[in-house]
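Survey of secondary and tertiary structure
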Amino acid sequence: MKKEELNENRVSLLKIWIEMLDKTLNIRGRLLSLATPVVMGILNITPDSFYADSRKQSEAAIEERIQAILSEGGQIIDIGGYSSRPDAAEVSPEEEMKRLAFALKILNAHYPDAIVSVDTFRADVARRCVEEDGVSIINDISGGELDKKMFETVAGLNVPYIMMHMRGTPQTMQQHTDYTDMMEEIMLYFAAKVRELRLMGVNDIILDPGFGFSKTVDQNYRLMNRLEEFDVFGLPLLVGISRKRMIYNYLGGTPADSLNGTTVLNTYALMNGIDILRVHDVRAAVEAVKIITKLK
């Protein structure tokens, strides 16, 4: 092997090693490695989530779902008390917190070491879940747009922050799909917000392109086809397409029929470098991660 080729190989290996070191999240003082993509299992405690089989409201159903996520290999549990499906009904902060507190009590009693993310766009709800109920990650579908106190709250709590791209609200988002250049707008959106968060001292930022949020079916597929462009940020990337309309509106059927399409898209996302899969079907996603990791 020529000296120049050897040096190039060494540089490539060094870059890979640095990337692996950087791919971690600080979870209450523990480092969660993202060198291998992780699976986030969805725990819906809403009565109106778009996927009926995911709705868990009784104590027994919630505990069964938690156990299933963990036993099937999920490393993060994402708990939400406000459905963000298109045209979802408004839920008061009090009702959202009541739902979350009920489920988090069960989680803390039986699975105190589980890594838990709270799916909320409300800063006060996020703060209470972190300070009072041991939640480790904030997952905000609005990127701070629906509660201007969210960024300062995240900075003060010093927890990882998942920031999604969306226009409008869950009730109006599908009226806001008129992009001049969708990718340019999303990239500028994240660039501005990442800079703002960095200046506030936020270290762990995860980007979520927002599949299904203020995007048409075709726009969702164009976005999926350009995932590698998010590498420019050097931040972990989360993809959440589990059983969404971009699958069943295109292939036909319902969310219940969409596991195969979900797995195909999750596999494509993994091949394009994403770090976290947010899913209903944990076992299928974990198997996709294992196979793609083996191939790489």
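Residues numbered from 1 in each chain as written. Predicted model: local features only at pLDDT ≥ 70, side-chain atom pairs only at ≥ 80, totals over all residues. Heavy atoms only, no water.

Next up on the list: the pattern of salt bridges. All chains considered together, the criterion is met by 14 salt bridges. Close ionic contact of Lys23 with Asp275 constitutes a salt bridge, the shortest N to O distance being 3.0 Å. Of the two residues, Lys23 is situated in the loop between α1 (3-22) and β1 (24-27) and Asp275 in the loop between α9 (259-271) and β10 (276-279); the sequence distance between them amounts to 252 residues. Overall, the relative accessible area of 27% leaves Lys23 in the partly exposed class. Across the salt bridge formed by Arg99 and Glu95, the nearest N and O atoms sit 3.0 Å from each other. Linking Arg99 with Glu95, this pair stays in helix α3 (residues 93-110), spanning four residues, or about one helical turn. You can call Arg99 buried: its relative accessible area is 17%. (Salt bridge = Lys/Arg side-chain N within 4 Å of Asp/Glu carboxyl O. Helix = DSSP H or I, 4+ residues; strand = E, 2+ residues; numbered from the N terminus. Buried < 20%, exposed > 50% of the residue type's maximum accessible area, 1.4 Å probe, protein only.)

Now for helix α5 (residues 150-157). Listing the buried residues of α5 in full gives Met150, Phe151, Thr153, Val154 and Leu157. For α5, the arc enclosing every buried residue in end-on projection is 160°, short of the 170-degree limit, so these residues lie on one face. Along α5, the residues that are exposed and aim more than 90 degrees away from the buried face are Glu152 and Gly156. On its buried side, α5 packs onto α4 (123-133), β6 (137-140), β7 (161-164) and α6 (182-199). Phi turns positive, to about 60°, at Asn158, one or two residues after α5. (Arc of directions from axis to C-beta. Contact = heavy atoms within 4.5 Å.)

A word on the side chain of Lys215. Within the fold, Lys215 resides in the loop between β8 (205-208) and α7 (217-224). Buried charge without a partner: Lys215 forms no salt bridge, and the closest opposite charge is Asp208, 7.5 Å away. There is a polar contact of 3.2 Å between the side chain of Lys215 and the backbone oxygen of Pro209. Of note is the side chain of Lys215, whose polar atom sits 2.8 Å from the backbone oxygen of Phe213. Beyond its immediate chain neighbours, meaning those up to four positions away, Lys215 contacts His165, Gln174, Thr177, Tyr179, Met182, Ile186, Pro209, Gly210, Asn220 and Leu223. (Lys, Arg positive; Asp, Glu negative; His and termini not counted. Polar contact = N/O pair within 3.5 Å; in protein donor to acceptor, adjacent residues only side chain to side chain.)

A separate point is the confidence of the model for the chain. Segments scoring low in pLDDT should not have their predicted coordinates read at a detailed level. For the chain, per-residue confidence averages 90 on the pLDDT scale, and 88% of positions sit at 70 or higher. Of the regions scoring below 50 in pLDDT, residues 16-20 engages in one contact with residues more than four places distant in sequence or in other chains. (pLDDT = per-residue confidence, 0-100.)

With a phi close to 60°, Asn158 is a non-glycine residue in the positive phi region. Along the chain, Asn158 falls in the loop between α5 and β7. Overall, Asn158 belongs to the exposed group, its relative accessible area being 53%. The phi torsion at Arg243 lies on the positive side, around 55°, for a residue other than glycine. With respect to the secondary-structure elements, Arg243 resides in the loop between β9 (238-239) and α8 (245-251).

This paragraph deals with the nonpolar core. Leu100, Ile138, Met163, Leu227 and Phe230 are the most contacted members of the largest nonpolar core, which totals 67 residues. When residues of this core are assigned to their parent elements, the largest contribution, eight residues, is made by α6. Beyond its immediate chain neighbours, meaning those up to four positions away, Ile138 contacts Val118, Ala126, Val130, Met150, Val154, Leu157, Val159, Pro160, Tyr161 and Ile162. Leu25, Ile27, Leu32 and Leu238 belong to the second-largest nonpolar core, a separate cluster that totals 13 residues. (Core = buried A, V, L, I, M, F, W, Y, C linked by side-chain atoms within 4.5 Å.)

Our focus in this paragraph is the environment of Gly210. Along the chain, Gly210 turns up in the loop between β8 and α7. Sequence separation of Gly210 and Ile186 is 24 residues, and the distance between their C-alpha atoms is 9.5 Å. Sequence-distant contacts of Gly210, that is, excluding residues within four places in its chain, are made with Met164, His165 and Lys215.

At their nearest, the axes of α3 and α4 sit 11 Å apart, and the two run at 25° to each other. Between α3 and α4, the interaxial angle falls into the category roughly parallel. Handedness of the α3/α4 crossing: right-handed. Mapping the contact onto sequence places Pro93, Glu96, Met97, Leu100, Leu104 and Asn108 in α3 and Val125, Arg128, Cys129 and Asp133 in α4. (Axes fitted to C-alpha atoms, helices over the stretch in contact; angles between N-to-C directions. Parallel < 35°, antiparallel > 145°, perpendicular 65-115°, else oblique. Left-handed = near helix turned anticlockwise from the far one by under 90°.)

So, about the pairing of strand β5 (residues 116-119). Two faces make up the sheet, and in a regular strand the side chains alternate between them. With burial as the criterion, each face of β5 is covered, one bearing Val116 and Val118 and the other bearing Ser117 and Asp119. In this sheet, β6 lies alongside β5 in parallel orientation, the contact comprising three bridges. By the bridge assignment, Ser117 is partnered in β6 with Ile137. Viewed along the sheet, the connection from β5 through α4 into β6 turns out right-handed. (Pairing = 2+ DSSP bridges. Right-handed = clockwise from strand over helix to strand, strands pointing away.)

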